[in-house]
Amino acid sequence: MLNNKQIITYLLGLSTCLLIACSTSQIPVAYNTKVGEIRTDPYGCWADVVLKETNDTLSGELICLENDTVFILGDHNQLYDLRLRSIKSYRIYTYKNRTGTYATLTAIYTAPSLVGAIAYPEYAGSFLALGSIPAIPGVVQTLIEASGDKGIISGTPDYGHINIGHYARFPYGRPQGLDLSQLTLKNDTNK
C-alpha cells in the first residue's frame, strides 16, 4: 500500500509535465500552425533571422526566396529584402509545438487511476500501477516534445539555403507582377 507521500510524488510528476506544456510560444499565435494544416495554409512560416554585421534578430513571415535575396514581412507589414550573405543564421518555425496536447492527454488518461488511489488508499498501489501504463509514455513524449526543436528548422545560408524557400508564402519565388509591399501579415481573423 502506498502512503500519501508516494501519491503526492506521483501527482507532482504529472503536474511537472503539465507545467512544461504551459511554456510560451516564440512566435505570434496566428503563425502557430497545427501540423495537419501546414499544407493548406496559404501563408509562409514565421522566421527569425540573425544579421551578420549587427547581430540583430529580424522576425517575420518568410515571403519568398529569389536568387540571393530572402524577403521577410516583419512587424507593421514592413517588407525586408535581405541578401543571403548578410544573414548569419535563421530559425524557421514550421508548426505548433504539441507539448500541451501530450500533457493534457496524459493527465486525462491518468486521472481515473489517481482518483481511485485517493478514494481507496488500500488499493493505491494497484491503481497507480494501472495509471502508469498511459502516464509513462505520455510523460516521456511530453518531455521529448518540450525539450526538442521539433518543427524548427535552423541553419545558415551557407548550408542548405535553398530548402528555406519551401516554407515561404511563395515557395517557387515571387509571382510575376505581384507587388510584395501590398502583402500583410496573417492575423487571427484571416487565419
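Residues numbered from 1 in each chain as written. Predicted model: local features only at pLDDT ≥ 70, side-chain atom pairs only at ≥ 80, totals over all residues. Heavy atoms only, no water.

Peer 1: Explain the sheet that holds strand β6 (residues 152-155) here, please?
Peer 2: Hydrogen bonds along the backbone pair up the strands of a sheet, which may run parallel or antiparallel. The sheet built from six strands is open, its strands ordered β4-β3-β2-β1-β5-β6 with antiparallel pairing. Both edges of this open sheet fall to β4 (79-83) and β6, since each of them pairs with a single strand only. Geometrically, the sheet is characterised by an average inter-axis angle of 35 degrees between neighbouring strands, direction not taken into account. Of the pairings in the sheet, the one linking strand β1 (residues 46-51) to strand β2 (residues 57-66) comprises five bridges and is antiparallel in character. (Pairing = 2+ DSSP bridges. Helix = DSSP H or I, 4+ residues; strand = E, 2+ residues; numbered from the N terminus. Axes fitted to C-alpha atoms, helices over the stretch in contact; angles between N-to-C directions.)

Peer 1: Would you mind showing me how to read the pattern of salt bridges here?
Peer 2: Two side chains carrying opposite charge are able to pair once their charged atoms lie near each other. For the structure on display, the rule yields five salt bridges. Here lysine 186 and aspartate 41 are joined by a salt bridge, their closest N and O atoms 2.8 Å apart. Of this pair, lysine 186 sits in the segment after β6 while aspartate 41 sits in the loop between α1 (4-21) and β1, and the two are 145 residues apart along the sequence. Grouping residues by exposure puts lysine 186 and aspartate 41 together as buried. In this structure, arginine 174 engages glutamate 66 in a salt bridge whose closest nitrogen and oxygen atoms are separated by 3.2 Å. With arginine 174 in the segment after β6 and glutamate 66 in strand β2, this residue pair connects regions lying 108 residues apart in the sequence. The exposure class assigned to glutamate 66 is partly exposed, which follows from its relative accessible area of 25%. Linked by salt bridges that have partners in common, Asp68, Arg83 and Arg85 make up one network. (Salt bridge = Lys/Arg side-chain N within 4 Å of Asp/Glu carboxyl O. Buried < 20%, exposed > 50% of the residue type's maximum accessible area, 1.4 Å probe, protein only.)

Peer 1: For this particular structure, what's the right way to read helix α2 (residues 99-119)?
Peer 2: Every α-helix carries 3.6 residues per turn, so stepping three or four residues along brings you back to the same face. Given a rise of 1.5 Å per residue, 21 residues ought to cover 30 Å, and the 30 Å separating the end C-alpha atoms of α2 matches this to within 8%. Bending of α2 peaks at approximately 40 degrees at the position of threonine 110, with proline proline 112 no more than four residues after it. Among all positions of α2, only Thr99, Ala103, Thr106, Thr110, Ser113, Leu114, Gly116 and Ala117 are buried. (Expected span 1.5 Å × (residues − 1). Bend = angle between axes of the 7 residues up to and from the residue.)

Peer 1: What is the right way to read the pairing of strand β3 (residues 69-73) from this model?
Peer 2: Taken residue by residue, a regular strand's side chains alternate between the two faces of the sheet. Counting buried positions along β3 yields five of five residues, so the element is predominantly enclosed. Taking every second residue as pointing to the same face, both faces of β3 are buried, with Thr69, Phe71 and Leu73 on one and Val70 and Ile72 on the other. Pairing of β2 with β3, which is carried by five bridges, proceeds in the antiparallel orientation. Bridged to glutamate 61 within β3 is leucine 73. A loop of five residues connects β3 with β4, the two strands running antiparallel in sequence, and histidine 76 in this loop sits at a positive phi of about 60 degrees.

Peer 1: Sorry if this is basic, but what is going on with the pairing of β4 here?
Peer 2: Relative to β4, β3 runs antiparallel, the two sharing five bridges. The partner of phenylalanine 71 across the bridge, within β4, is aspartate 81.

Peer 1: Is there a simple way to explain the environment of isoleucine 153 in this structure?
Peer 2: By the secondary structure assignment, isoleucine 153 is in strand β6. Taking the C-alpha atoms as reference points, isoleucine 153 and threonine 94, separated by 59 residues in sequence, lie 7.4 Å from one another. When sequence neighbours within four positions are dropped, the list of residues in contact with isoleucine 153 reads Tyr90, Arg91, Ile92, Thr94 and Tyr167. (Contact = heavy atoms within 4.5 Å.)

Peer 1: Looking at this structure, how should I read the nonpolar core?
Peer 2: Core analysis: the largest hydrophobic core is formed by 15 residues, its most contacted members being Leu62, Val70, Ile92 and Ile164. If you list the elements that add at least two residues to this core, you get β1, β2, β3 and β5 (87-93). Look past the residues within four positions of isoleucine 164 in its chain and what remains in contact with it is Leu62, Leu65, Val70, Tyr90 and Ile92. Counting 14 residues, the second largest nonpolar core, distinct from the first, contains Ile63, Cys64, Tyr93 and Leu180. (Core = buried A, V, L, I, M, F, W, Y, C linked by side-chain atoms within 4.5 Å.)

Peer 1: Sorry, what's going on with a nonpolar patch on the surface here?
Peer 2: Residues Leu105, Ile108 and Tyr109 make up a contiguous nonpolar surface patch of about 320 Å² in total accessible area. Tracing the chain through its elements places leucine 105 in helix α2. (Patch = residues over 30% accessible without salt bridge, like charges linked within 9 Å, V, L, I, M, F, W, Y side chains within 5 Å. Areas by Shrake-Rupley, 256 points an atom, 1.4 Å probe, with all protein chains shown as cover.)

Peer 1: What exactly am I supposed to notice about the side chain of aspartate 41 here?
Peer 2: Side chain to side chain, aspartate 41 and lysine 186 meet in a polar contact 2.8 Å long. Setting aside residues up to four positions removed in sequence, aspartate 41 forms contacts with Thr33 and Lys186. (Polar contact = N/O pair within 3.5 Å; in protein donor to acceptor, adjacent residues only side chain to side chain.)

On their own, these measurements won't tell you what the molecule is for.
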